[in-house]
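What follows is each chain in one-letter form.
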Amino acid sequence: MSPIIKILKPIIVTLFLAMTLITFGATLARLFPAMPSFYWAGEVTRYLNFWITCLGIGVALHMGSHFSVTVVLDFMPLPLQRTAKIVSHVGVLILAGILIYYGIQMVTWNLDQLSAAMEVPMSYVYIAIPICGALMFSQTAIFIVRLLVGKDDTPASDEGLS
């Protein structure tokens, strides 16, 4: 497993735990009026969910966890399958490049914009978009190199979903 994925997995789990605890605390605050209000909880939950999704895309791509429809691919001869996989991966590279390019633009455009409840710069939220694109780009580039040198583009079997 790649060192980046080993770092990202605990980060994703920590963000999910934080999101769960904040939501639980906000729910308790609504049930018990004596508790202080978590007016910012909905905003934090949305932003944490966004970050979890963006980081999770890179991890799932690395692990081969994204769904794929292989009905047409299964009927193709092996050399054509390889070509079709490369074309598919090039499409993902283009998408990742778009995420990186426009994600960086969103970050720079929103340097001064603050979130409504917490009043933190929205760039802290939007930086997840180019990070997601970079994770996708790097992993897809590895898949393409594996295909070009004659190896399969799927993750190694010892990298399971654990």
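Residues numbered from 1 in each chain as written. Predicted model: local features only at pLDDT ≥ 70, side-chain atom pairs only at ≥ 80, totals over all residues. Heavy atoms only, no water.

Asker: Mind showing me how you'd approach the overall build of the chain here?
Answerer: Of regular secondary structure, the chain possesses 6 helices and 0 strands. Listing every helix and strand of the chain by position from the N terminus yields α-α-α-α-α-α. Taken over C-alpha atoms, the radius of gyration comes to 20 Å for the chain, far larger than the 15 Å a tight globule of 162 residues would show. Dimensions of the chain, computed from the C-alpha atoms along their principal axes, are close to 70 × 35 × 30 Å. (Helix = DSSP H or I, 4+ residues; strand = E, 2+ residues; numbered from the N terminus. Rg over C-alpha atoms; globule rule 2.2 N^0.38 Å.)

Asker: Explanation requested: unusual backbone geometry in the structure shown.
Answerer: With the exception of glycine, the majority of residues adopt a negative phi angle, and the majority of peptide bonds are in the trans configuration. You will see that Glu119, though not glycine, has its phi angle at about 55°, which is positive. The residue Glu119 is located in the loop between α4 (78-109) and α5 (123-126) in this model.

Asker: Please clarify how the environment of Leu114 should be interpreted in this entry.
Answerer: Looking at the secondary structure, you find Leu114 in the loop between α4 and α5. When near neighbours in sequence (up to four residues on either side) are disregarded, Leu114 contacts Glu119, Val120, Pro121 and Met122. (Contact = heavy atoms within 4.5 Å.)

Asker: How do you make sense of helix α1 (residues 3-31) when you look at a structure like this?
Answerer: Side chains three or four residues apart in an α-helix point the same way, a direct result of the helix having 3.6 residues per turn. Taking 1.5 Å as the rise per residue, α1 with 29 residues should run 42 Å; its terminal C-alpha atoms sit 43 Å apart, in good agreement. Of the positions making up α1, those classed as buried are Ile5, Leu8, Lys9, Ile12, Leu15, Met19, Ile22, Gly25, Ala26 and Ala29. In the core, the buried residues of α1 are packed alongside α2 (41-63) and α6 (128-148). Its side-chain oxygen 3.2 Å from the backbone nitrogen of Ile4, Ser2 forms the N-cap of α1. (Expected span 1.5 Å × (residues − 1). Buried < 20%, exposed > 50% of the residue type's maximum accessible area, 1.4 Å probe, protein only. Polar contact = N/O pair within 3.5 Å; in protein donor to acceptor, adjacent residues only side chain to side chain.)

Asker: Explain the packing of α1 against α2 here, please?
Answerer: The angle between the axes and the distance between the axes are what describe a pair of packed helices. Their axes nearest at 9 Å, the elements α1 and α2 cross at an angle of 155°. On the basis of their axis angle, the class for α1 and α2 is roughly antiparallel. Along this stretch, α1 crosses α2, giving a crossing that reads as left-handed. In terms of residue class, the contact of α1 with α2 is made up of 18 nonpolar, 6 polar and 1 charged. (Axes fitted to C-alpha atoms, helices over the stretch in contact; angles between N-to-C directions. Parallel < 35°, antiparallel > 145°, perpendicular 65-115°, else oblique. Left-handed = near helix turned anticlockwise from the far one by under 90°. Nonpolar A, V, L, I, M, F, W, Y, C, P; charged D, E, K, R; others polar.)

Asker: What am I meant to see in the nonpolar core here?
Answerer: General note: in soluble globular proteins, nonpolar side chains tend to be found buried as a group. Leu8, Leu48, Leu55 and Val59 are the most contacted members of the largest nonpolar core, which has 15 residues in total. Elements with a contribution of two residues or more to this core: α1 and α2. Once residues lying within four places of it in the same chain are set aside, the contact partners of Val59 are Ile5, Leu8, Lys9 and Ile12. Cys54, Leu61, Ala96 and Phe143 belong to the second largest nonpolar core, which has 7 residues in total. (Core = buried A, V, L, I, M, F, W, Y, C linked by side-chain atoms within 4.5 Å.)

Asker: What's the story with the state of the cysteines in this structure? I'm lost.
Answerer: Covalently bonding the sulfur atom of one cysteine to the sulfur atom of another cysteine gives a disulfide. This structure, assessed with the given rule, holds 0 disulfides. Here Cys54 is not cross-linked by a disulfide; its sulfur's nearest cysteine counterpart is in Cys132, at 4.7 Å. Its relative accessible area of 5% is what places Cys132 among the buried residues. (Disulfide = S-S within 2.5 Å.)

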